There are 2 protein chains.
Amino acid sequence: MQPYYGITIDKQDQEHLYIQVYKHLRTLIFNNSIKPHEKLPPIRKLSAILGVNNVTVVNAYKLLEEDALVYKKIGSGTYVAPVEDELENERDMEERHRIVPYDFSVSSPTADLFPVKDFKIVIDEVLERDKGYAFGYHESQGFFPFRQSLSAMFGGSKVALDPDQIQIISGAQQGIDLVAKSVLDYGDYVFVEAPTYTGALASFKLKGALIVEIPILEDGIDLEALSQQAKKLKPKLIYVMPNFQNPTGYCYSVEKKRGLIEIAKSCGAWILEDDYAADLNTGDALVSPLSAYDPYDRIIYVKSFSKVLMPGLRLGYMVVPEALQDEIALAKHATDISTSGLLQRAFDLYIRKGLWDRQIVLMKRIYDKRHAVISRYLKSHEVPWVHYHLPQGGYNYWITMDAALNADELMWRLNKKGVAVLSGSTFYHLQLKSSSFRLSIAAIDEKEIEAGLGIIFNEIEAMYHEMSGSKPGLMKSQVL
Amino acid sequence: MQPYYGITIDKQDQEHLYIQVYKHLRTLIFNNSIKPHEKLPPIRKLSAILGVNNVTVVNAYKLLEEDALVYKKIGSGTYVAPVEDELENERDMEERHRIVPYDFSVSSPTADLFPVKDFKIVIDEVLERDKGYAFGYHESQGFFPFRQSLSAMFGGSKVALDPDQIQIISGAQQGIDLVAKSVLDYGDYVFVEAPTYTGALASFKLKGALIVEIPILEDGIDLEALSQQAKKLKPKLIYVMPNFQNPTGYCYSVEKKRGLIEIAKSCGAWILEDDYAADLNTGDALVSPLSAYDPYDRIIYVKSFSKVLMPGLRLGYMVVPEALQDEIALAKHATDISTSGLLQRAFDLYIRKGLWDRQIVLMKRIYDKRHAVISRYLKSHEVPWVHYHLPQGGYNYWITMDAALNADELMWRLNKKGVAVLSGSTFYHLQLKSSSFRLSIAAIDEKEIEAGLGIIFNEIEAMYHEMSGSKPGLMKSQVL
């Protein structure tokens, strides 16, 4: 009862007594004088100690409960809620791992790969160096030295990148949203690959745009379909992921890249290039961004760091055509003024110290091993009712089953066996059913990949068998 | 020349030679082997060292120049740019201070007041505790323990705030933008106070809304004008700052608060309450948020931390009516997925350690002193051609001159004398000319306030004299 005797109630105060009691208890909980799972005094006892009505304490406890700071056990009393419950839960990977030991659904790296120590060093160094200025107003376009180091480090094949072309964003999703805001009007057509990243669709739809899906093939978007529809509908924007497309993992050929640019030019569309994984090129071929082939300055390039580092960093950048720079900067200002100065400064230092380059090498090494396992497995388990394509990097595999099989059903059946995949139906605007699904190796290690694939392929075989009423091994054409 | 001998050029490499040279030089600059303002070798010399063509080095230097990593001095050569120039500049407050010694235009605290040490401690503690999870995916609505501590600490008069009602945002501007996104359609009417915060207008206009200005009086918005227009135009949204309004510093009376809520209810409008400064209440009267008087759950409350801490923190929260919670969370997801997890966790700890409360006390003490100086000055310099209103907190003063005087002209004249104020014309949607201006005491200390006010009042007197062709001292009515 000790901490409670320290509570002083002022009956002259204009503040209600129960609010005074509530605030005192809150402080005791926050400063750990009453510990998680510790029982609060019974109502009568506390009212006696404080010299207040029972009702006062009842109301104070109620407020604490509404704040989720305490919880009730029926017939037992009121206890302090463990405020760190959520922290513990999320760190409790073993729990998740116990339920889903084979998780091919997550498309970002696991927390253990994040370079925490490096980040601690750069953040400390920034706070030491810049003090309060790290939290001052920052240019909407982004902290200049950061744009400088980005232009130097991420030029790729378009080396001569000017810091003035760069717009800092709070992650790739914001980049897509800024484009929707500054380029699209209500009722405009936006062309997307099918399948595609549905987070982008959400931004386009919020702006009132009309979505048209163009199929993607193994060497890039279907240029014929694109060209036909473009003539007819005159899209304002074409949204693509030319390298390691999500969810398919496909890369555009150079011809397709050039073809896309010409079609966009001829119908007056902007191209929005979402580069979420080109850093993770583990193959031999060069993967250049579209802009390397663009003579017209019509490509808005959006770059995420989430796939090499962590999604919660909320930092990325875009390269903006000259004609759109003012509009994008204005839209950024109206959206959130600027991206966190601290994070921009920390990441700037992270690049300048060469730590980003080191992290890429580490991540590639890890993904390389995983790619080796999955491609070895796929090659040695060829069956006619499963089609796949080996990507040269990234971490997504697009697996297509016999057209009569439903990937939603597969997803739910696998779920019961501890395997998570994403059904193809997740990645379309209109299509409700798909015989394809996505495997991501971003958050699953080699041993689990091997075992998980075994379960997946057994399940597909079983589904195929049930569907055709025949023994596995028959050709697709014989069944349909 | 020493570092240059370490450069190795691979003539078999598929990468162009000049790009290889560029990348090597870039590394030397980044790792400080060549120092800021150090001269790069003459073209011929470096080509000789590396065994490459002159043109190769010329092109490499050109790329470095485009990255702003080097600069040229005509007739002298190429030098390494001081990458920290911007850092030094912005820290060089003396420079700004030399040009504008009396700055009443800035409306956020100066960097020296930011609790850097406290933030360093909480960030380090979070990284130590949560490791990579601090950068993992976070709920769009916000990190739960953070919402928990916010609901406990910021309840104000609406104490029983539920963490589920809270939406974390990357600053107040984002909150306004999310409301525009989820509530407004193209062509909807939005009512705003006149004058108002123009950053909000930008968000509404981007969404294609039509803005209608309703005058604000010393005790709050003009209810009669509001009610008339509301009946006619049926606004979707009414945007207000009921406490220490920006730019006027006016507070709504309780009657006006209730009246506004009833009008909104009757025309079916949502109210967007922007609370940027209620923490800085230095008067005796309580300033309750609108929601304290709202029986209809029609108020979206947006809260900024920028004015107590720093604008570059990019963190805030909103309290969302139940009917809008899903839409706002979806809009947040489409905008930037979530706010930085690291910042949410750090600020959560900052609150739980009681550091926020301490910072408020500190800031109030500082502002209190500044208020005392300015109100003493104003009271002892009463002239008939200047009207003002003393706010009970915040940091904005709205000064209105004789209607024949133009605040734009005053602003430019003061500018030449080292005084910065913001002309009233900045704060309107349509009105191009104003005889009012805003003084902000957020970033100017007592001594400067006193001296700056002297210059301002002298200038107004001079303008009045020129305009009326008479000696100061005449009544306004005699002039017009």
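About the thresholds
Residues numbered from 1 in each chain as written. Chains lettered and ligands numbered in written order. Predicted model: local features only at pLDDT ≥ 70, side-chain atom pairs only at ≥ 80, totals over all residues. Heavy atoms only, no water. Domains from an automatic or database assignment. Least-squares fit on C-alpha atoms with pLDDT ≥ 70 in both. Contact = heavy atoms within 4.5 Å. Axes fitted to C-alpha atoms, helices over the stretch in contact; angles between N-to-C directions. Helix = DSSP H or I, 4+ residues; strand = E, 2+ residues; numbered from the N terminus. Parallel < 35°, antiparallel > 145°, perpendicular 65-115°, else oblique. Left-handed = near helix turned anticlockwise from the far one by under 90°. Buried area = accessible area lost by both parts, 1.4 Å probe. Salt bridge = Lys/Arg side-chain N within 4 Å of Asp/Glu carboxyl O. Nonpolar A, V, L, I, M, F, W, Y, C, P; charged D, E, K, R; others polar. Pairing = 2+ DSSP bridges. 1 Å grid on protein atoms, 1.4 Å probe; cavity = no way out; pocket = protein on both sides within 12 Å on 5 of 7 lines; lining within 4 Å. Points joined across faces, edges and corners; volume = space filled by probe spheres on them. Phe/Tyr/Trp six-rings, centres within 6.5 Å; stacked < 30°, edge-to-face > 60°. Buried < 20%, exposed > 50% of the residue type's maximum accessible area, 1.4 Å probe, protein only.

A. Fine view of the domain arrangement of chain A. The domain boundaries assigned to chain A delineate domain 1 (2–80), domain 2 (102–107 + 358–479) and domain 3 (116–353). A C-alpha centroid distance of 54 Å is found between domain 1 of chain A and domain 2 of chain A.

B. Quick look at the relation of the copies chain B and chain A. Superposition record for chain B on chain A: RMSD 0.1 Å, screw rotation 180 degrees, translation along axis 0.0 Å. Expressed as a symmetry operation, the mapping of one chain copy onto the other fits a two-fold axis. Interface overlap between copies is the fraction of interface residues in one copy that are interface residues in the other; for chain B against chain A it reaches 100%, indicating a shared surface.

C. Examining the packing of helix H8 (residues 172–183) of chain B against helix H12 (residues 325–336) of chain B more closely. Residue and element names in this part refer to chain B. At a minimum axis separation of 9 Å, H8 and H12 run at an interaxial angle of 115 degrees. One finds that H8 runs roughly perpendicular with respect to H12. At the point where H8 passes H12, the crossing takes the right-handed sense. The residues of H12 that touch H8, namely those facing Gln174, Leu178, Val179, Lys181 and Ser182, are Glu327, Ile328, Ala331, Lys332, Thr335 and Asp336.

D. Expanded view of the interface of chain B and chain A. Facing the 80 residues of chain B at the interface are 80 residues of chain A. Between chain B and chain A lies a buried interface of about 7100 Å² when both sides are counted; carbon and sulfur atoms form 62% of it. It is Phe30, Tyr133 and Phe135 of chain B that lose the most area in chain B upon contact with chain A, and together they represent 10% of the buried surface on that side. The interface formed by chain B and chain A holds four salt bridges in total. Among the ionic pairs, Lys181 of chain A bridges to Asp177 of chain B, the shortest N-O distance being 2.5 Å. The greatest single-element share of the side of chain B that touches chain A, amounting to nine residues, is contributed by helix H6 (residues 116–130) of chain B. When its residues are assigned to classes, the side of chain B that touches chain A shows 39 nonpolar, 18 polar and 23 charged.

E. Local environment of the pairing of strand E2 (residues 77–80) of chain A. All names here are of chain A. Here strand E1 (residues 70–73) pairs with E2 via four bridges, running antiparallel. Across the sheet, the residue bridging to Lys73 is Gly77, located in E2. The turn linking E1 back onto E2 is made up of three residues, and Gly75 within it adopts a positive phi angle of 75 degrees.

F. Main features of the packing of helix H8 (residues 144–153) of chain A against helix H14 (residues 341–352) of chain A. Residue and element names in this part refer to chain A. Interhelical geometry of H8 versus H14 gives an angle of 35 degrees and a closest axis separation of 9 Å. Seen from above, H8 lies across H14 with left-handed handedness. Between H8 and H14, the residues in contact are Pro145, Phe146, Gln148, Ser149, Leu150 and Met153 and Gln344, Phe347, Asp348, Ile351 and Arg352, respectively. Considering only residue class, the contact of H8 with H14 consists of six nonpolar, three polar and two charged.

G. Local environment of empty space enclosed by the protein. Per the counting criterion, the structure on display carries three cavities of 30 Å³ or more. Roughly 120 Å³ of volume is contained in the largest cavity. For the lining of the largest cavity, the elements supplying multiple residues, two or more each, are helix H9 (172–183) and helix H10 (198–206) of chain A together with H8 and helix H9 (198–206) of chain B. Split into classes, the residues belonging to the lining of the largest cavity amount to four nonpolar, two polar and six charged. Taken as a whole, the second largest cavity holds about 90 Å³ of empty space. Surrounding the second largest cavity, 13 residues form its lining, Ser170, Thr339 and Ser340 of chain A together with Ser170 and Ser340 of chain B being those nearest its centre.

H. Fine view of the packing of aromatic side chains. Under the definition given, this model contains 38 aromatic pairs over all chains. Ring geometry for Phe114 of chain A versus Phe135 of chain B: centroids 4.1 Å apart, planes at 20 degrees, classification stacked. In this pair, Phe114 of chain A is assigned in the loop between strand E3 (102–103) and helix H7 (116–130) and Phe135 of chain B in the loop between H6 and helix H7 (144–153), connecting two distinct chains. Aromatic pair Trp398 of chain A and Phe427 of chain A: ring centres 6.1 Å apart, planes at 80 degrees, arrangement edge-to-face. On the criterion of sequence distance, the pair formed by Trp398 of chain A in strand E13 (residues 396–401) and Phe427 of chain A in the loop between strand E15 (422–423) and strand E16 (436–440) is long-range, its members being 29 residues apart. Phe427 of chain A carries the same exposure label as Trp398 of chain A, and that label is buried. Connected via pairs of aromatic rings, a cluster forms that spans Phe114, Phe119, Phe146, Tyr301, Phe305, Tyr317, Phe347, Tyr350 and Trp356 of chain A together with Phe135 of chain B.

I. View of the environment of Cys267 of chain B. Residues and elements named next belong to chain B. For Cys267, the position within the fold is in helix H11 (residues 254–267). Judged by its relative accessible area of 10%, Cys267 falls in the buried class. The sequence separation of Cys267 and Pro311 amounts to 44 residues, and the corresponding C-alpha distance is 35 Å. Every residue in contact with Cys267, bar those within four places of it in the chain, is listed here: Ala230, Lys234 and Pro235.

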